[in-house]
Amino acid sequence: MIRNIRFENITKRYNGELVLENLSLEIPGGTFFALLGPSGSGKTTLLRLIAGLEEADSGSIFLGDEDITHTPTYKRRVNTVFQNYALFPHMDVFDNVAYSLAIRNVPEDIIEEKVIKILKTVGLDKHINKSINNLSGGQKQRVALARAVINEPDVLLLDEPLAALDLKLREKMLIELIDLQSTLKTTFVYVTHDQFEALTVADHMAIMNDDGEIEQVGTPKEIYEFPVSTFVAAFVGTTNLFKGMLHIMDDIPKIEFPGLGMFEIVVSKEKEWMRHGNTIFMSIRPEKIEISKTPMTGFSNELQAMVQSIVYHGRSTQYNVRLKNGEVIQVFEQNEEHFPQEVIDYDDHVFLYWQKENVVLLEK
Amino acid sequence: MNVKQRIRDFISENASFVFTVPAVLWQVLFLYIPFLLVVYTSLQHCMECSFFDITFSHYYELFDRAYVYIICRSALVALGVTLSCLALAYPIAYFLALRVKDRWKNILLFLLTLPFWTNFLILIYSWVFVLDHNGLINTILLKTGIISEPLHMINNMAAIFVVMVYYYLPFMMLPLYSILEKIQHEVLEASMDLGATNWQTFRRITIPLSMSGIKTGVFLVFVPAFGEFAIPSIIGGGQQLFVGSLISHYFLVARDNQLGAAFTVISGIVLMTCALLFHWLCKVPVQVAQKEVAS
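Procedures and definitions
- Residues numbered from 1 in each chain as written.
- Chains lettered and ligands numbered in written order.
- Predicted model: local features only at pLDDT ≥ 70, side-chain atom pairs only at ≥ 80, totals over all residues.
- Helix = DSSP H or I, 4+ residues; strand = E, 2+ residues; numbered from the N terminus.
- Rg over C-alpha atoms; globule rule 2.2 N^0.38 Å.
- Contact = placed C-beta atoms within 7 Å.
- Buried ≥ 20, exposed ≤ 12 C-beta atoms within 10 Å, placed from the backbone.
- Core = buried A, V, L, I, M, F, W, Y, C linked by C-beta atoms within 7 Å.
- Domains from an automatic or database assignment.
- Expected span 1.5 Å × (residues − 1).
- Arc of directions from axis to C-beta.
- Axes fitted to C-alpha atoms, helices over the stretch in contact; angles between N-to-C directions.
- Parallel < 35°, antiparallel > 145°, perpendicular 65-115°, else oblique.
- Left-handed = near helix turned anticlockwise from the far one by under 90°.
- Nonpolar A, V, L, I, M, F, W, Y, C, P; charged D, E, K, R; others polar.
- Right-handed = clockwise from strand over helix to strand, strands pointing away.
- pLDDT = per-residue confidence, 0-100.
- Pairing = 2+ DSSP bridges.

Peer 1: Explain the overall build of chain B to me, please; I cannot follow it from the model alone.
Peer 2: In terms of regular secondary structure, chain B is built from 14 helices and 0 strands. Sequence-ordered secondary structure for chain B, helices as α and strands as β, is α-α-α-α-α-α-α-α-α-α-α-α-α-α. Against the 2.2 N^0.38 benchmark of 19 Å for 295 residues, chain B shows a C-alpha radius of gyration of 25 Å, more extended than a compact globule. Counting only C-alpha atoms, chain B reaches 85 × 75 × 45 Å along its principal axes. In chain B, of all internal contacts separated by at least 6 residues, the share reaching a separation of at least 24 is 71%.

Given below as structure tokens:
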């Protein structure tokens, strides 16, 4: 059954330390939802609250209209893929996967049919009777996944499930997870501190900060392009942050950065903090800046800088450039051509350009 | 190449062989050879007889109801002590390993191993002062007027049993604790998460995973308890004969080494049979548990 998960004013302490305070969040049913935040932000706690492995000090959790705040773990139609797999070491692959059905006394032939079917889905049908200890990391991960989805839970929780795998395997598993979610239509709640994983898998995501507060909820694109705070802008992807004063009395609104001058911006009248004289932040992504050794036209803003270091990433090149006021910012350039016409080198004097629509203004 | 170099090369090339030699040698010298000597002594006609004067007569002598009774009683008491220790130690070890907070763990563990810091005989004798007619319990009960005559609590089977359970409890608890402590908390959480109740989790996950600890504990308690002679003689006043007391009686009091050796061999065989039987029994529940999960 597709049901939303709703947290209402959840507060949770560990040994007197406040982990979550008065947190409210709605996770839409049937979606692939990512909870992204730094280590220790309380995202795993949130997950464990859904599973019933922790109980909130105050507040309520709803699954659809059903209040599950005090429902014992074993009665919740919620299953978890644990970070370190937590497979049963004394059982083989089959018994691990069959566990939740065996507990419910499902007839043997149905169990066998279901286990074989799910093991085929995750590509482990050749290892049915293997001992857990003889599996590779990726195979263990698949067993954990199969074990958690076999009983068709309403919600599947994934706690940093790919943290122990190497990059190639991780990318492969991410695609498989997306496919699995679209086949099962189960709500997936995916906890990670890795923004790449979150952006890849999620339909919707929530960003948590170090204090266990939800900073922003939205689609990956919304969060990446329109972050609501400097925390989100800096945590999801890479960005350059500037602090400056607003000048919006003139015809063209501008922002002034100390030592750099005035730059054109777009202001929306609805936001109350966008007032003349206020000090605010501007976030600009490194790939939204054009870099060139020769002057160009058609851009609303221009800065001059000196190349300090160059990092070659393969598909793109990262330039760390020093501005007039001594600040160092990042610029990404796509490596589109095999033999670029213009080669930028260390200590080169460069022009930086960006359009005023491509920056995000932030209150804090 | 000099000799030193050759020795060094030999050691590094045959490391596994070289380093097992002391252990094997130890076993041969202090276990197998003494045991063979005991077997030989049991077959000797008499102490001063010639080396080849061999007989089974001592064994015939032992086919008496009294001896069979003593062996059976020792085995039953050892079994009872083992089961009581298991029943008492498992919950304690379980809570200590999985439920108690880390900073309390070491203190509690220390308290549990405290008896090991005292001499065995002092430990046992102190029970005499507790259970005696004018001992601690009786004095308190008499003074408070709960009883008018001292209770008879020593020199009987019950007292032996209680003191044996008391003494052997840590031997059961420590292996259980060490194995339960290794169980990942997440594995138990995973079981609950997959729909198992506390009891189902305990039966299907905790017990099978702690089976090797149970086995070690059972061996550590059953084997010495079967041959126990100090506790029956001190607490039982020597009235209740056990295998251990009888063996020590033959060797140290009656000076009949041949009969003592024969009795030792028979008890040894009984003990080994019990051990093998238990070893076999242990495998079955694990398999059954796995079958249950599969079915």
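Here the narrative resumes.
Peer 1: What's the story with the overall build of chain A in this structure? I'm lost.
Peer 2: Broken down by element type, chain A carries 8 helices and 20 strands. Expressed along its principal axes, the backbone C-alpha trace of chain A runs to roughly 75 × 50 × 35 Å. Going through the 364 residues of chain A one by one, you find that 38% of them count as buried. Nonlocal contacts in chain A, meaning residues at least 24 apart in sequence, comprise 66% of its contacts between residues at least 6 apart.

Peer 1: How do you make sense of the nonpolar core when you look at a structure like this?
Peer 2: What tends to happen in soluble globular proteins is that the nonpolar side chains get buried as a cluster. One finds A:Ile50, A:Val97, A:Ala146, A:Leu157, A:Val189 and A:Tyr190 to be the most contacted residues of the largest nonpolar core, which totals 101 residues. For this core, the domains that each give at least three residues are domain 1 (5-234) and domain 2 (238-362) of chain A. If you look at the next biggest cluster of nonpolar residues, it comprises 42 residues, including B:Ile71, B:Ala225, B:Leu259 and B:Phe263.

Peer 1: So what exactly am I meant to see when it comes to helix α3 (residues 108-121) of chain A here?
Peer 2: All names here are of chain A. With 14 residues, α3 extends 20 Å from end C-alpha to end C-alpha; this agrees with the ideal 20 Å at 1.5 Å per step. Taken together, the buried positions of α3 are occupied by Ile 111, Val 115, Ile 118 and Leu 119. The arc that holds every buried residue of α3, seen down its axis, measures 100 degrees, which confines them to one face. Opposite its buried face, α3 presents the exposed residues Asp 109, Ile 110, Glu 113, Lys 117 and Lys 120, each directed more than 90 degrees away. Residues of α3 that are buried make contact with α2 (93-103) and α4 (137-149).

Peer 1: Which parts of the structure should I look at to understand the packing of helix α9 (residues 185-193) of chain B against helix α10 (residues 198-209) of chain B?
Peer 2: Relative placement of two packed helices is described by the angle separating their axes and the distance separating the axes. Residues and elements named next belong to chain B. With their axes 10 Å apart at the nearest point, α9 and α10 run at an angle of 140 degrees to one another. In terms of orientation, α9 and α10 fall into the oblique class. The two elements α9 and α10 cross, and the hand of that crossing is right-handed. Here Val 187, Leu 188, Ser 191 and Met 192 of α9 lie close against α10, whose contacting residues are Thr 201, Ile 205 and Thr 206. Here the contact of α9 with α10 is built from residues that sort into 4 nonpolar, 3 polar and no charged.

Peer 1: Quick question: what am I supposed to make of the interface of chain B and chain A here?
Peer 2: Interface size is commonly expressed as the accessible surface area that is lost when the partners come together. Residue-level contacts link 19 residues of chain B with 23 residues of chain A. Every element with two or more residues in the side of chain B that touches chain A is listed here: α9, α10 and α14 (257-294) of chain B. Take the side of chain B that touches chain A: its biggest share by element is 6 residues, from α9(B). In terms of residue class, the side of chain B that touches chain A is built from 10 nonpolar, 6 polar and 3 charged.

Peer 1: Explain the pairing of strand β7 (residues 155-159) of chain A to me, please; I cannot follow it from the model alone.
Peer 2: A regular strand places its side chains on the two faces of the sheet in alternate fashion. All names here are of chain A. Along β7, 5 of the 5 residues are buried, which leaves the element largely enclosed by surrounding structure. Residues Val 155, Leu 157 and Asp 159 line one face of β7 and the alternating positions Leu 156 and Leu 158 line the opposite face, and both faces are buried. In this region the chain leaves β7, passes through helix α5 (residues 167-184) and returns to the parallel neighbour strand β8 (residues 187-192); the handedness of that crossover is right-handed.

Peer 1: Sorry if this is basic, but what is going on with the confidence of the model for chain A here?
Peer 2: Any residue range with low pLDDT should be treated as having predicted coordinates unsuitable for detailed reading. Averaged over every residue, the pLDDT of chain A is 90; the share at 70 or more is 100%. Averaged pLDDT values over the elements of chain A bottom out at 88 in strand β13 (residues 261-264) of chain A and peak at 95 in strand β9 (residues 204-208) of chain A.

Peer 1: Help me out: how do you make sense of unusual backbone geometry in this one?
Peer 2: For residues besides glycine, phi is generally negative; the peptide bonds are generally trans as well. Residues and elements named next belong to chain A. Phi is positive for Asn 22, which is not a glycine, with a value near 50 degrees. When you line up the elements, Asn 22 lands in strand β2 (residues 17-27). Since 13 C-beta atoms lie within 10 Å of it, Asn 22 is described here as partly exposed.

Peer 1: Got a minute to help me understand the domain arrangement of chain A in this structure?
Peer 2: When cut into domains, chain A gives domain 1 (5-234) and domain 2 (238-362). With 6 residues of domain 1 of chain A in contact, the opposing surface of domain 2 of chain A contributes 6 residues.

Peer 1: Help me understand helix α2 (residues 15-43) of chain B, please; the structure alone is not making it clear to me.
Peer 2: It helps to recall that an α-helix has 3.6 residues per turn; residues three or four apart then point in one direction. Its 29 residues place the ends of α2(B) 41 Å apart at the C-alpha level, agreeing with the 42 Å of an ideal helix rising 1.5 Å per residue. Of all the 29 residues making up α2(B), 1 are buried; the element is thus mostly uncovered.

Peer 1: Explanation requested: the pairing of strand β10 (residues 214-218) of chain A in the structure shown.
Peer 2: Residues and elements named next belong to chain A. Sheet topology places β9 next to β10; 4 bridges connect them, and they run antiparallel. Bridge pairing links Ala 206 to Val 217 in β10. Between β9 and β10, which pair antiparallel one after the other, the connecting turn spans 5 residues, and Gly 212 there sits at a positive phi close to 75 degrees.

Peer 1: It is not clear to me how the sheet that holds strand β12 (residues 254-257) of chain A should be interpreted in this structure. Could you clarify?
Peer 2: All names here are of chain A. Strands sit in the order β13-β12-β11-β14-β20 across an open sheet of 5 strands; the sheet is antiparallel. At either margin of the open sheet sits one strand with a lone partner, and together these are β13 and β20 (360-362). Taken over all neighbouring pairs, the strand axes of this sheet differ in orientation by 40 degrees on average, direction set aside.

Peer 1: Quick question: what am I supposed to make of the packing of helix α4 (residues 65-99) of chain B against helix α11 (residues 211-226) of chain B here?
Peer 2: Residues and elements named next belong to chain B. Two elements in contact, α4 and α11, have axes whose closest approach is 9 Å; the angle formed by their N-to-C orientations is 145 degrees. Our pair here, α4 against α11, has a crossing hand that is right-handed. Packed against α4, whose contacting residues are Ser 74, Ala 75, Ala 78, Leu 79, Val 81, Thr 82, Cys 85, Leu 86 and Ala 89, the element α11 presents Ile 214, Gly 217, Val 218, Val 221, Phe 222, Ala 225 and Phe 226 at the interface. Considering only residue class, the contact of α4 with α11 consists of 13 nonpolar, 3 polar and no charged.

Peer 1: So what exactly am I meant to see when it comes to the sheet that holds β2(A) here?
Peer 2: Within a sheet, each strand pairs with its neighbour through backbone hydrogen bonds, oriented either parallel or antiparallel. Spatial ordering of the open sheet is given by β2-β1-β4-β5 (chain A), a layout of 4 strands whose pairing is antiparallel. Two strands lie at the open edges of the sheet, namely β2 and β5 (66-67) of chain A, each paired on one side alone.

Peer 1: Explanation requested: the environment of A:Ser136 in the structure shown.
Peer 2: All names here are of chain A. Relative to the elements of secondary structure, Ser 136 occurs in the loop between α3 and α4. Residue class for Ser 136 comes out exposed when judged on the 11 C-beta atoms lying within 10 Å of it. Each C-alpha atom, one on Ser 136 and one on Leu 165, is 9.9 Å from the other, the two residues being 29 residues apart in sequence.

Peer 1: I would appreciate a short explanation of the confidence of the model for chain B in the present structure.
Peer 2: Residue and element names in this part refer to chain B. With 96% of its residues at a pLDDT of at least 70, chain B reaches an overall mean of 86. Note on residues 288-295: pLDDT is under 50 here. Beyond four places in sequence and across chains, it has 15 contacts. For this predicted complex, the interface confidence score (ipTM) comes to 0.83, while the overall pTM stands at 0.79.

Peer 1: In this structure, what is going on with the environment of B:Arg73? I would like to understand it.
Peer 2: Residue and element names in this part refer to chain B. Structurally, the position occupied by Arg 73 is in helix α4. By C-beta crowding, Arg 73 is classed as partly exposed, having 15 other C-beta atoms within 10 Å. For the pair Arg 73 and Asn 198, spaced 125 residues apart in sequence, the C-alpha to C-alpha distance is 38 Å.

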